[in-house]
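Okay, here's what each chain looks like letter by letter:
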2 protein chains.
Amino acid sequence: MASITIENYLKQILLLSDELANERVPMGKLAERMQVVPGTATTMVKAMDRSGWLNYIPREGVSLTEEGNQLALKVLRKHRVVEMFLVEALKLDWSEIHQEAEALEHAISDKVLDRMDEYLGRPAYDPHGDPIPTRLGEIKARKLQALSECQKGQTVRIAQIKQQDARFLQFLDRTGLTPGSTIRVLDHDATADLHQLETVPDGRKMHLGGKAAESIWVSPKG
Amino acid sequence: MASITIENYLKQILLLSDELANERVPMGKLAERMQVVPGTATTMVKAMDRSGWLNYIPREGVSLTEEGNQLALKVLRKHRVVEMFLVEALKLDWSEIHQEAEALEHAISDKVLDRMDEYLGRPAYDPHGDPIPTRLGEIKARKLQALSECQKGQTVRIAQIKQQDARFLQFLDRTGLTPGSTIRVLDHDATADLHQLETVPDGRKMHLGGKAAESIWVSPKG
DNA sequence: AACATTATTTTGAATAGTCAAAGTTAATCG
DNA sequence: CGATTAACTTTGACTATTCAAAATAATGTT
Ligand SMILES: [Mn+2]
Ligand SMILES: [Mn+2]
Ligand SMILES: [Mn+2]
Ligand SMILES: [Mn+2]
């Protein structure tokens, strides 16, 4: 029914409407995210509107229909379960799974999805800390904050990495800054665009640039 | 580089050239196998010739180039390793894996392929008894015969099922006629188009029609 | 050889997805 | 308000893949 292209558009619209905290996604953002020229996004979106996946209002943007939302959630679920499976079952590197999942999310059946999910013990989060939509299409919302916004002295648990760049993820893996690990925020230096922290419990001290600290989201601990 | 469609054409050309015992595959056979009208196959094949995947001689047919052959073998390898993985790791039913693998063979990277292969212990045959091309692109040839061609009284091991029909495979599973199991051929009745056999060692007797007996390939035992 | 049959190719048209470039709209600024 | 700009849409063109139907070639048959 839905082509791979349509599934990708749906998923990105879902993600963008979340990121923008707005149901309606403007065409510019969508085109940029899909890495196509704006005219392509317009053409595509008009076709998807005709097929009932979304509502398109010229010069306003798109919002998913119920069907569109359902399918977007399923694709996202497949993506994240597959990522988890690649790490847990096939021992792939944290940093390379996103690309793999980008293709696999369109190739696995609902049955395979469920078997993988079962094998993994129905995980709630993927290896990057992103929540996995449930079979019913629900996503848990958490109140997280960026590492860069934490108060000095706070001890926090890394919850989510908001970047898929392989090199960055490899760096985090090397330094132990992976979802689930605990750190303490030591200092912020706005002038130098630096954030100092130490790992817990081993107490290794390190610095991060502003961009990196904004990509690491944490939940308060204790 | 190669689209999913091209990968599918390449794989079927490889399989057909094997089945027909002829490097050159005629357009009619290819179109039928790809489930497209003949004109479509002609168009496609001309484009694939231009891209160097095969050599096309009008009214003669196609033969794979070295590149085409390599890729066809890799796709076939992915297909069969994936089938094995779905059965062994995800406990999918023997009868449903072919469809799944038809999509997955285009979605997994070489790395994922190798991890699955490793996980499975580098199997030589897939769940249907089809040989899995090695990493170097070699396929073992075996001298098998159809069950329908066996001599009366012969004890044989089921090696390969030459049919992907889910209902037929489910039947074989139910009756224990799966690759690896042993049977003895009791009788052939050309008039009634029937073949009688018994399972070994439990000695369950049963009949098979001509078409079914032609789909089950065996190797002589002992 | 002439005709019929079968296999294959060609032609014309359609759909999906894309880009480049030109045209529009709406918002912003002076 | 009118000009400038940013965001967006439209138009025309292209590639990949497909079908239907007509044309052609090869093969077999009287
Ligand atoms: Mn994708
Ligand atoms: Mn992820
Ligand atoms: Mn396939
Ligand atoms: Mn198989």
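Computed from a prediction, not measured in an experiment: that's the story for all the values here. Per chain, the residues get numbers from 1 upward, laid out in the order the sequence is written. Here every chain gets a letter starting at A, and every ligand a number starting at 1, in the order they are written. Only residues with pLDDT of at least 70 are given local features in this predicted model, and only at 80 or more are side-chain atom pairs given and counted; all residues enter the totals for whole chains, interfaces and linings. Remark: hydrogens and water are excluded; side-chain values derive from all non-hydrogen atoms of the structure.

Participant: Could you give an account of the protein's contact with DNA strand C, with specific residues and numbers?
Facilitator: The immediate surroundings of DNA strand C are formed by 20 residues, with Ser-3 and Thr-40 of chain A together with Lys-46, Tyr-56 and Arg-59 of chain B found nearest. Residue proximity to a molecule or strand is established when one non-hydrogen atom of the residue lies within 4 Å of it. Considering DNA strand C, the proportion of its atoms within 4 Å of the protein that are sugar or phosphate atoms stands at 76%. Under the rule applied, a polar contact is a pair of N or O atoms within 3.5 Å (in protein, one hydrogen donor and one hydrogen acceptor; residues adjacent in sequence only if both atoms are side-chain atoms). At 2.6 Å, a side-chain N or O of Thr-40 of chain A approaches a phosphate oxygen of DNA strand C. Within the side chain of Tyr-56 of chain B, an N or O atom sits 2.2 Å from a phosphate oxygen of DNA strand C. Counting from the N terminus, the helices are DSSP H or I runs at least four residues long and the strands are E runs at least two residues long. Secondary-structure elements contributing two or more residues to the surface near DNA strand C are α1 (4–19) and α3 (38–50) of chain A together with α2 (27–34) and α3 (38–50) of chain B. By residue class, the composition of the surface near DNA strand C is nine nonpolar, eight polar and three charged. Residues are grouped as follows: Ala, Val, Leu, Ile, Met, Phe, Trp, Tyr, Cys and Pro are nonpolar; Asp, Glu, Lys and Arg are charged; all remaining types, including Gly, are polar.

Participant: With reference to specific residues and values, describe the packing of α1 of chain A against helix α4 (residues 66–88) of chain A.
Facilitator: Residues and elements named next belong to chain A. Axes here refer to lines fitted to C-alpha atoms; in helices the fit is confined to the stretch in contact. Angles between the N-to-C directions go from 0 to 180 degrees. Orientation of α1 relative to α4, taken along the N-to-C sense of each, is 95°, at an axis distance of 8 Å. As the angle between them shows, α1 and α4 are arranged roughly perpendicular. On α4, the residues that touch Glu-7, Leu-10, Lys-11, Leu-14 and Leu-15 of α1 are Gly-68, Asn-69, Leu-71, Ala-72, Leu-73, Val-75, Leu-76, His-79 and Arg-80. When the residues that make up the contact of α1 with α4 are grouped by side-chain class, the tally is eight nonpolar, three polar and three charged. Geometric relationships in this document are graded by angle, where less than 35 degrees denotes roughly parallel, more than 145 denotes roughly antiparallel, 65 to 115 denotes roughly perpendicular, and other angles denote oblique. The contact definition used throughout considers only heavy atoms, calling two residues in contact when any of these lie within 4.5 Å.

Participant: Describe the coordination of the manganese ion (ligand 2), listing the residues and the values that go with them.
Facilitator: Residue and element names in this part refer to chain A. The protein atoms that coordinate the manganese ion (ligand 2) are Glu-83 (OE), Asp-126 (OD) and His-128 (ND1), at distances of 2.1 to 2.3 Å. Atoms of type N, O and S within 2.8 Å of a metal are treated as its donors, and for Na, K and Ca the window is 3.2 Å; water is not considered, so some sites may appear to be missing partners. Mapped onto the sequence, the donors of the manganese ion (ligand 2) take the spacing E-x42-D-x1-H. Placement of Glu-83 in helix α4 and of Asp-126 in the loop between α6 (110–119) and β3 (145–146) is noted, with a sequence separation of 43 residues between them. For every residue, the accessible area (1.4 Å probe, protein chains only) is compared with the maximum for its type, and the residue is labelled buried under 20%, exposed over 50%, or partly exposed between those bounds. Glu-83 gets classed as buried once you look at its relative accessible area, which sits at 0%.

Participant: Let's hear about the packing of helix α1 (residues 4–19) of chain B against α2 of chain B: which residues, and what values?
Facilitator: Packed helices, taken two at a time, are described by their axes: the angle between them and the distance between them. Residue and element names in this part refer to chain B. Where α1 contacts α2, the axes come no closer than 10 Å and their chain directions differ by 125°. Comparing the axis directions of α1 and α2 gives the class oblique. Note that α1 runs across α2; the crossing there is right-handed. Residues Asn-8, Tyr-9, Gln-12, Ile-13, Leu-15, Leu-16 and Glu-19 of α1 pack against Lys-29, Leu-30, Arg-33 and Met-34 of α2. When the residues that make up the contact of α1 with α2 are grouped by side-chain class, the tally is six nonpolar, two polar and three charged. By definition, turning the near helix anticlockwise from the far helix through less than a right angle yields a left-handed crossing, and turning it clockwise yields a right-handed one.

Participant: Lay out the side chain of His-79 of chain B in plain terms, naming residues and giving numbers.
Facilitator: Residues and elements named next belong to chain B. With respect to the element layout, His-79 can be found in helix α4 (residues 66–88). In this structure His-79 comes out as buried when scored by relative accessible area, which is 4%. At 3.5 Å, the side chain of His-79 and the side chain of Lys-11 are in polar contact. In this view, His-79 contacts Lys-11, His-98, Ala-101, Glu-102 and Glu-105; residues no more than four positions away in its chain are not counted.

Participant: Quick one: what's the story with helix α5 (residues 97–104) of chain B, residue by residue and with numbers?
Facilitator: Burial analysis of α5 of chain B places six of its eight residues in the buried class, which makes it a mostly covered element. Of the positions making up α5 of chain B, those classed as buried are Ile-97, His-98, Glu-100, Ala-101, Glu-102 and Leu-104 of chain B. Summarising the contacts, the buried residues of α5 of chain B are in contact with α5 (97–104) and α6 of chain A together with α1 and α4 of chain B.

Participant: Before we move on, can you summarise the relation of the copies chain A and chain B with the specific residues and values?
Facilitator: Least squares is the method used to superpose the copies, on C-alpha atoms of residues holding a pLDDT of at least 70 in both. For the pair chain A and chain B, the relating rotation is 180°, the translation along its axis is 0.0 Å, and the fit reaches an RMSD of 0.1 Å. Here the symmetry operator amounts to a two-fold rotation axis. Among all residues of chain A, the one whose C-alpha sits closest to the rotation axis is Ala-107 of chain A, at a distance of 3.2 Å. A symmetric contact is evident, with 100% of the interface residues of chain A recurring at the interface of chain B.

Participant: Give me the lowdown on the protein's contact with DNA strand D, citing residues and values where you can.
Facilitator: By nearness alone, 20 residues border DNA strand D, and Thr-42, Lys-46 and Tyr-56 of chain A together with Ser-3 and Thr-40 of chain B come closest of all. Among all atoms of DNA strand D positioned within 4 Å of the protein, those belonging to sugar or phosphate total 75%. A distance of 2.7 Å is found between a phosphate oxygen of DNA strand D and a side-chain nitrogen or oxygen belonging to Thr-40 of chain B. Mapped by element, the contributors of at least two residues to the surface near DNA strand D are α2 (27–34) and α3 of chain A together with α1 and α3 of chain B. For the surface near DNA strand D, the element with the most residues is α3 of chain A, which contributes four residues.

Participant: Provide a residue-level description of the sheet that holds strand β4 (residues 155–161) of chain B, including the pertinent values.
Facilitator: Residues and elements named next belong to chain B. Between any two strands, pairing holds if DSSP finds at least two bridges. Read from one edge of the open sheet, six strands run β3-β8-β4-β5-β6-β7, paired in antiparallel fashion. The sheet is open, and its two edges are formed by β3 (145–146) and β7 (205–209), each paired on a single side. As defined by bridge partners, β4 adjoins strand β5 (residues 182–189) across three bridges and the pair is classed as antiparallel. Following the sheet pairing, Val-156 is matched in β5 by Ile-183. On top of the sheet, helix α7 (residues 166–175) reaches β4, β6 (194–200), β7 and β8 (216–220); it is set at about 145° to β4, its chief contact.

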